[in-house]
Amino acid sequence: SSSGWQSLLRKVSHGGQRLDVGQLPAAAATSSSLEAILGEWEAAAVTAGVRSLWLTVPLSAADALPAAARRGFVYHHAEGAQATLLKWLPTTECLVPPFATHQVGVAGFVLNEKKELLLVKDRHSLYRDWKLPGGLANLGEDFGVTAAREVLEETGVRSRFESVIGLRHLHGAAYGRSDIYVVCRMRALTTDLAPDAHEVEDCTWMPLEQFAARKSHPMNSFVSNLVLNSVGGGSGSNTSSGSSNTSNSGSNSSNSSNSGSASGGGERLPCDIVESVVFSELHKKSYTFYATERIVTK
């Protein structure tokens, strides 16, 4: 009853083979039969020099999980209607990286011709002050596409991607994953506001200099001052609120030779600016923000 399972094996990365339990005949997918198949598979794989075994288990075959566990398989990832289990065969440390260590969010820093910044207040967020529109990137979606989509969905404003201002790196975020938050410079193509009533409590255009002076969110203030310096009107300071800790930036001082005079007000800033600040009094999490050079020298 277990014959033929070898034809279902597929080569995968990390010197591995994958078997989909959902493709096995019903008789072979029973607990006792599956455990025997897994034993045969492992023995043949070791002889062939295979390093990893991957077992895909759909919800409809969830009864197979105990047999896989008895054979030493562990969860690698699960999504939707199936789980993928892994068994690393060498006696050395497993070299397969963990699944989905980060989630990626993207914000749109949208300026209009009046140097006003597009801002929203989330309806359901714990942070209820003015912030940049944005959200999580979809699978296979570029940063600029995400920013334009989120800005349009939340505010009704159409915008075009220009550059990446920088990114924030934070750990211990949703589901215990790390979080990368990319801030994109966007040019407004329209200005009429049509906020999404389900997600957004309010949206507005605020003078960039006014928002940069606010102290409610250190990262937003820091980013706003970078852009303010690049478009003119800034004080030339590359810090936002006095609560930042720039001790990390000294380790990157070897790249400071890239600095010089800027064309739009303020000094040209090195591309490796690092700001370690408190995310908010609410979350009590620290993060690192990496600012690129391109935006501050525009």
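Residues numbered from 1 in each chain as written. Predicted model: local features only at pLDDT ≥ 70, side-chain atom pairs only at ≥ 80, totals over all residues. Heavy atoms only, no water.

**Student:** Help me out: how do you make sense of the sheet that holds strand E1 (residues 10-12) in this one?
**Tutor:** Whenever strands of a sheet pair, they do so through backbone hydrogen bonds, lying parallel or antiparallel. As summarised here, the arrangement of the five strands in space is E1-E2-E3-E5-E4, forming an open sheet in which the pairing is mixed. On the outer flanks of this sheet lie E1 and strand E4 (74-79), each paired with one strand and no other. Here the average twist between neighbouring strands, direction ignored, is 30 degrees. As defined by bridge partners, strand E2 (residues 16-20) adjoins strand E3 (residues 52-58) across five bridges and the pair is classed as parallel. Its bridge partner lying in E3, Gly16 is registered against Ser52. (Pairing = 2+ DSSP bridges. Helix = DSSP H or I, 4+ residues; strand = E, 2+ residues; numbered from the N terminus. Axes fitted to C-alpha atoms, helices over the stretch in contact; angles between N-to-C directions.)

**Student:** Would you mind going over the pairing of strand E6 (residues 102-111) with me for this structure?
**Tutor:** Taken residue by residue, a regular strand's side chains alternate between the two faces of the sheet. Judged by how many residues are buried, E6 sits mostly within the fold: seven of 10 residues are covered. Where E6 meets strand E10 (residues 178-188), 10 bridges bridge the pair, whose relative direction is parallel. Each residue of the ladder has a partner; that of Val106, found in E10, is Val182. With three bridges connecting them, E6 and strand E8 (residues 134-136) associate as antiparallel partners. Note on E8: the bridge partner recorded for Gly105 is Leu136. (Buried < 20%, exposed > 50% of the residue type's maximum accessible area, 1.4 Å probe, protein only.)

**Student:** Which parts of the structure should I look at to understand the confidence of the model for the protein chain?
**Tutor:** Atomic detail in the predicted coordinates should be set aside for any region of low pLDDT. Of all residues in the protein chain, 79% have pLDDT values of 70 or greater, and the mean over the chain is 81. The low-confidence segment residues 235-283 (pLDDT under 50) makes 95 contacts with residues lying over four places distant or belonging to another chain. Throughout residues 293-298 the model reports pLDDT below 50, and contacts reaching past four residues in sequence, or to other chains, amount to 21 contacts. (pLDDT = per-residue confidence, 0-100. Contact = heavy atoms within 4.5 Å.)

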